[in-house]
Protein chains: 2
Amino acid sequence: MKKMVLAADLGGTNLRMAVIGENGETKYRSRSSTPSSRRREDVVDLLVGSARECIEATRSDGTISAFGIAAPAVLDHEAGRVLVAPNLPELNDFSLASAVSGLLGIEVFLENDANAAAIGENWLGASHGFNSSICVTLGTGVGGGVIIDGKPLRGIDGTAGEIGHICVEPFGHPCGCGSVGCLEQYSSATAVVRMAKELLSEFPDSSFASGNDLSSLDVYNAAISGDPLANEVFRRFGFYLGVALGGLINVLNPEVIVIGGGASESWDVFIEPLNQEIRKRAFKRPADRVIIVKAKLGDDAGILGVAKLAFSSSNIGLAV
Amino acid sequence: MKKMVLAADLGGTNLRMAVIGENGETKYRSRSSTPSSRRREDVVDLLVGSARECIEATRSDGTISAFGIAAPAVLDHEAGRVLVAPNLPELNDFSLASAVSGLLGIEVFLENDANAAAIGENWLGASHGFNSSICVTLGTGVGGGVIIDGKPLRGIDGTAGEIGHICVEPFGHPCGCGSVGCLEQYSSATAVVRMAKELLSEFPDSSFASGNDLSSLDVYNAAISGDPLANEVFRRFGFYLGVALGGLINVLNPEVIVIGGGASESWDVFIEPLNQEIRKRAFKRPADRVIIVKAKLGDDAGILGVAKLAFSSSNIGLAV
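Here we summarise the structure given alongside this text. (Residues numbered from 1 in each chain as written. Chains lettered and ligands numbered in written order. Predicted model: local features only at pLDDT ≥ 70, side-chain atom pairs only at ≥ 80, totals over all residues. Heavy atoms only, no water.)

## Considerations on the sheet that holds strand 2 (residues 14-21) of chain B
Residue and element names in this part refer to chain B.
Here's step 1: Spatial ordering of the open sheet is given by 3-2-1-4-7, a layout of 5 strands whose pairing is mixed. The open sheet has two edge strands with one neighbour each: strand 3 (26-33) and strand 7 (107-112). Across this sheet, the average inter-strand angle for adjacent strands is 20 degrees, counted without regard to direction.
Here's step 2: Of the pairings in the sheet, the one linking strand 2 to strand 3 comprises 7 bridges and is antiparallel in character. Bridging across to strand 3, Leu15 finds its partner in Ser32. (Pairing = 2+ DSSP bridges. Helix = DSSP H or I, 4+ residues; strand = E, 2+ residues; numbered from the N terminus. Axes fitted to C-alpha atoms, helices over the stretch in contact; angles between N-to-C directions.)

Pasting the structure below:
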């Protein structure tokens, strides 16, 4: 029988699950809404129910050896315990892995979603074949995962990789984390909209000078149409991303930096100022070395990451 | 016979060498001036000559199994090759380890001096017993070494750990590296003097309002005497160090940060603003976790670091 694993991406809104084969091929997929009840039993029931459906649907394809779950949480990977999950607070301080494992009778592994995405891209995506990589996810916020010697850098408490909360402007815009001037306040979809609004008075002729319901996509579309305000927004976006990544290149000297997330779709309007800052701010040798690439796996990066982890951790012979 | 190693700290000015026992005890020390000839043969001759002296002097104490050399260079640790050594350019692109090893007949290991200091502090100093640590050296410039899972983070090109060139002020003071606003421009001995001079016009009553020959020690002495200008200098010093370390704590989630180097002697006047910024800028969990401590080994950190590396690399059973 072929070896397969279960892999889930448990978000605040949706649970996505798949059965993944040894080469990363998807055998089956399911999707459901994360329970709104805020009861941890309901989350466990959903995970177990979806898992049983997946197992049943792929019974003839092979044997499922383990189950990896990516969660938006600070967690203790070794213990399979969620510590803090801001968007799933019902899972705070909960041994999710053993709860699910006890009901399903297979090994369960937990991983932080940003780390999972970095592992996924490293297995089958944009950083494939590289031993050291940084994965930056530019979405509503800015997330990150760091791979060193082929392994995710989790840190002593499982909180490592918070690239979005590197300071890039010491007296800058207040951040939800309590600090000011974090990268997340300049190089995220949220930041694109805020910076556009902030610049309206300086660019009265901008194509969206009224723009109350502005989205980051509107700003991007304006930028590619040549709107100066929109281009200034993405210049700042790229500039500050370059400030942060330049520092990371100097500290970590990685082989590759993978940029993903919804806001990475604006690549063509921020990549030039980004590269310019990296060339200015990082030492020549590591700056010449590092490859800056778009993420390849989209929303599947996390699922494939925990699938890889489940294969590796259940000793099927793929090293993570 | 007891096992011992040779360990050298090869700087632009001095070569310091010692014979070190398995518990880090110094059996013999030598010190000489680095040749001013800029000929690599002269550096090799000095290393070999000093090594022979050390070996001879400790012949009755045990057997020397390996030789570790710390150098202020970007280097290929595996190949034992210096790539770029700004203060010892005669060693650029030179296989120093095999040259010395060939003449002495013992294994030779090279390590970057900042990494060596981090390893030394981790073996016998301030980060002893911790698996993940950051070592920051505040001197004329700002150097750094990162230990993850008990091993130095070298990066793909051996350039990792350049904490002094994290950007802390995106439009800040020009740095020798070609960037602007690097940590080194705010939290080094050089920066203390510059910032003091910059602030003279704002503090006409300062005790060193004339101060052309100002040293960082003068500014420190003024600070502990209550001079407002000097205190403002060290507030900025601590502030920017906190900006950089806050980001590193968010990205690396280390157990301990060791602060050494000459300018770390000003600890009592910068530690409060440093801690304040870390509390403000780092996430609570990793900020509460991390211990900020003074380096313990002083100038011996590098020598002890390469001694540890020599013990480990020559398979005597100490893991690095």
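## A short note on the relation of the copies chain B and chain A
Here's step 1: Mapping chain B onto chain A is achieved by rotating through 180 degrees and translating by 0.0 Å along the same axis, at an RMSD of 0.0 Å. One copy is carried onto the other by what is essentially a two-fold rotation axis.
Here's step 2: An overlap of 100% is found between the interface residues of chain B and their copies at the interface of chain A, pointing to a shared contact surface. (Least-squares fit on C-alpha atoms with pLDDT ≥ 70 in both. Contact = heavy atoms within 4.5 Å.)

## Digging into the interface of chain B and chain A
Here's step 1: Across the contact, 47 residues belong to chain B and 47 residues belong to chain A.
Here's step 2: Roughly 3700 Å² of surface becomes buried between chain B and chain A when both sides are summed, with 59% attributable to carbon and sulfur atoms.
Here's step 3: The residue Lys151 of chain B makes a salt bridge to Asp149 of chain A at a minimum N-O spacing of 3.8 Å.
Here's step 4: Counting only elements with at least two residues in the side of chain B that touches chain A, the list comes to strand 6 (81-84), strand 9 (142-148), helix 6 (228-252), helix 7 (267-281) and helix 8 (284-289) of chain B.
Here's step 5: Residue classes in the side of chain B that touches chain A are distributed as 25 nonpolar, 11 polar and 11 charged. (Buried area = accessible area lost by both parts, 1.4 Å probe. Salt bridge = Lys/Arg side-chain N within 4 Å of Asp/Glu carboxyl O. Nonpolar A, V, L, I, M, F, W, Y, C, P; charged D, E, K, R; others polar.)

## Remarks on the environment of Leu88 of chain B
Here's step 1: By the secondary structure assignment, Leu88 of chain B is in the loop between strand 6 and helix 2 (96-104).
Here's step 2: Excluding anything up to four places from it in sequence, Leu88 of chain B contacts Leu10, Gly11, Gly12, Thr34, Arg38 and Pro72 of chain B.

## Overview of the packing of aromatic side chains
Here's step 1: Overall, the coordinates contain 16 aromatic pairs over all chains when judged by the stated rule.
Here's step 2: Ring geometry for Phe171 of chain A against Phe239 of chain B: centres 5.2 Å apart, planes inclined by 5 degrees, an arrangement best described as stacked. Of the two residues, Phe171 of chain A sits in the loop between strand 10 (151-152) and helix 4 (189-199) while Phe239 of chain B sits in helix 6, which places them in two different chains.
Here's step 3: Given the relative accessible area of 61%, Phe171 of chain A is considered exposed.
Here's step 4: When the ring of Tyr220 of chain B is compared with that of Phe234 of chain B, the centres are 6.3 Å apart and the planes differ by 85 degrees; the resulting orientation is edge-to-face. Of the two residues, Tyr220 of chain B is situated in helix 5 (residues 216-224) and Phe234 of chain B in helix 6; the sequence distance between them amounts to 14 residues. As far as the burial class goes, Tyr220 of chain B and Phe234 of chain B line up, both buried.
Here's step 5: Clustering of aromatic rings is evident, with ring pairs tying together Tyr220, Phe234, Phe237, Trp267 and Phe270 of chain A.
Here's step 6: Across from the ring centre of Tyr186 of chain A, 5.7 Å away, lies the NZ or CZ of Arg194 of chain A, which sits over that ring. (Phe/Tyr/Trp six-rings, centres within 6.5 Å; stacked < 30°, edge-to-face > 60°. Buried < 20%, exposed > 50% of the residue type's maximum accessible area, 1.4 Å probe, protein only. Lys NZ or Arg CZ within 6 Å of the ring centre and 35° of its normal.)

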